[in-house]
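Fold and contact review
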Amino acid sequence: MNILFARIRRYSGRAQFRLIPSPKQADLIALVESAVYRERLDFFGTTEPWKNGLTNGGALALMELLIGATRPQNVVEIGSNRGWTAYVMAQAMEENPTGLVHTIGPFDSWRFMPVYESWPSAIRQKVKFYPINSAAFFQDAIAKDQRFELIFVDGNHDYEFALFDIQCAARVVTSGGHIVIDNVDLPDVRRATDDFLSSHLNWTDCRDARRTDILNGSIIAVLVAP
Ligand SMILES: C[S@@+](CC[C@H](N)C(=O)[O-])C[C@H]1O[C@@H](n2cnc3c(N)ncnc32)[C@H](O)[C@@H]1O
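Residues numbered from 1 in each chain as written. Predicted model: local features only at pLDDT ≥ 70, side-chain atom pairs only at ≥ 80, totals over all residues.

Let's talk about the nonpolar core
One broad trend across soluble globular proteins is that nonpolar side chains are buried collectively. Residues M63 and M89 are the most contacted members of the largest nonpolar core, which totals 59 residues. Counting residues per element, this core draws most heavily on helix α4 (residues 57–70), at nine residues. (Core = buried A, V, L, I, M, F, W, Y, C linked by C-beta atoms within 7 Å. Buried ≥ 20, exposed ≤ 12 C-beta atoms within 10 Å, placed from the backbone. Helix = DSSP H or I, 4+ residues; strand = E, 2+ residues; numbered from the N terminus.)

See the structure below:
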């Protein structure tokens, strides 16, 4: 496991990115066309545990570099599973000492906790696990008026749940912040994304960007908040 951590550190070339306050489509395209993106895509596609994980390498590379470029204080992942995406996000936050990844998985304690306990303390300190569903998480966040710069929607992929998660994410994301939706290749998730966008015309849908394919063959959607 130590070798794995060392390899990730060696690959952490994120300092190559200038800070971008609120990356828009053009910035995201530049990001996914960069050499470091390709390097990270290759890394996640060939390295355990990510190469067989539930989130594809393109989504991981994009979120990792986005975090490196924006230095968010608070990131959310809806759907923890074993925690390896939260790990990538937390490591990408190494330059913001107070940055936190909130990861939510109502059914995931048994698979998340053993993995979490194997991580270095510097990563563990940056990850807060919530063994609750997204409704409970968002209700609490809205009550506390919390804001998050990046929200990764990867929970229940049925239409009603996906739409609920996107709508709630939109309430708590910062202005200029990002919602990344996984598995828009699934009809329910695609329809939820399209329905959200049809009633939120001031949002930017990065699927429509030039060379949409490089955003992971449309497996993820990246939405930028107005
Ligand atoms: C596709 S997996 C997530 C994969 C994870 N993001 C990763 O990269 O490994 C879907 C996750 O959503 C969680 N989930 C299911 N219903 C949920 C809900 N209502 N709220 C939050 N998470 C939920 C499941 O426990 C499961 O871990």
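Still more to cover.
Things to note about the pairing of strand β5 (residues 173–182)
Where burial is concerned, most of β5 is hidden: seven out of the ten residues are buried. Bridge analysis of strand β4 (residues 148–153) against β5 gives five bridges, and the strand direction is parallel. Bridge assignment links L150 to a residue of β5, and that residue is H178. For the handedness criterion, the β-α-β arrangement of β4, helix α9 (residues 159–172) and β5 is classed as right-handed. Where β5 and strand β7 (residues 220–224) come together, five bridges link them in antiparallel fashion. Bridging across to β7, H178 finds its partner in V224. (Pairing = 2+ DSSP bridges. Right-handed = clockwise from strand over helix to strand, strands pointing away.)

What about the sheet that holds β4?
Strands sit in the order β3-β2-β1-β4-β5-β7-β6 across an open sheet of seven strands; the sheet is mixed. For this open sheet the edge positions go to β3 (127–130) and β6 (204–205), each flanked by a neighbour on one side alone. In this structure, strand β2 (residues 100–104) lies alongside β3, joined through four bridges in parallel fashion. Bridge pairing in β3 links V101 to V127.

Things to note about unusual backbone geometry
The amide bond that connects E48 to the next residue, P49, takes the cis arrangement and shows omega of 0°. Along the chain, P49 falls in the loop between α3 (35–46) and α4. With phi around 50°, R71 is a residue other than glycine that occupies positive phi space. Checked against the element boundaries, R71 lands in the loop between α4 and β1 (74–78). Under the C-beta neighbour-count criterion, R71 is labelled partly exposed, with 16 such atoms within 10 Å.

Focus on the packing of α3 against α4
Their axes nearest at 8 Å, the elements α3 and α4 cross at an angle of 130°. Compared by their axis directions, α3 and α4 come out oblique. Pair α3 / α4 crosses with right-handed handedness. Across from V36, Y37, R40, L41, F44 and G45 in α3, the residues of α4 making contact are G57, G58, L60, A61, E64 and L65. Taken together, the residues of the contact of α3 with α4 sort by class into seven nonpolar, three polar and two charged. (Axes fitted to C-alpha atoms, helices over the stretch in contact; angles between N-to-C directions. Parallel < 35°, antiparallel > 145°, perpendicular 65-115°, else oblique. Left-handed = near helix turned anticlockwise from the far one by under 90°. Contact = placed C-beta atoms within 7 Å. Nonpolar A, V, L, I, M, F, W, Y, C, P; charged D, E, K, R; others polar.)

Thoughts on α9
Over its 14 residues, α9 runs 20 Å from end to end, which matches the ideal 20 Å to within 8%, given 1.5 Å per residue. When we look at burial in α9, the residues that qualify are A162, D165, I166, C168 and A169. Next to the buried residues of α9 lie β1, α8 (134–143), β4, β5 and α10 (187–198). (Expected span 1.5 Å × (residues − 1).)

Some points on the packing of α8 against α9
The contact between α8 and α9 brings their axes to 10 Å, and the two run at 20°. When the interaxial angle is binned, α8 and α9 end up roughly parallel. For the element pair α8 and α9, the recorded crossing hand is left-handed. Across the interface between the two elements, S134, F138, A141 and I142 of α8 pack against D165, C168, R171 and V172 of α9.

Describing helix α2 (residues 25–32)
Two residues of an α-helix separated by three or four positions point the same way, owing to the 3.6 residues in each turn. Taken as a whole, α2 has its buried residues at L28, L31 and V32. Buried residues of α2, viewed axially, fall in a sector of 90°; they line one side. Looking at the buried side of α2, the elements it contacts are α3, α4 and β7. (Arc of directions from axis to C-beta.)

Observations regarding the site of the ligand
Among the 22 residues in the neighbourhood of the ligand, the closest are listed as T55, G79, N81, T85 and G155. Elements with a minimum of two residues in the shell around the ligand: β1 and α5 (84–92). Considering only residue class, the shell around the ligand consists of seven nonpolar, eleven polar and four charged. (Near = placed C-beta within 6 Å.)

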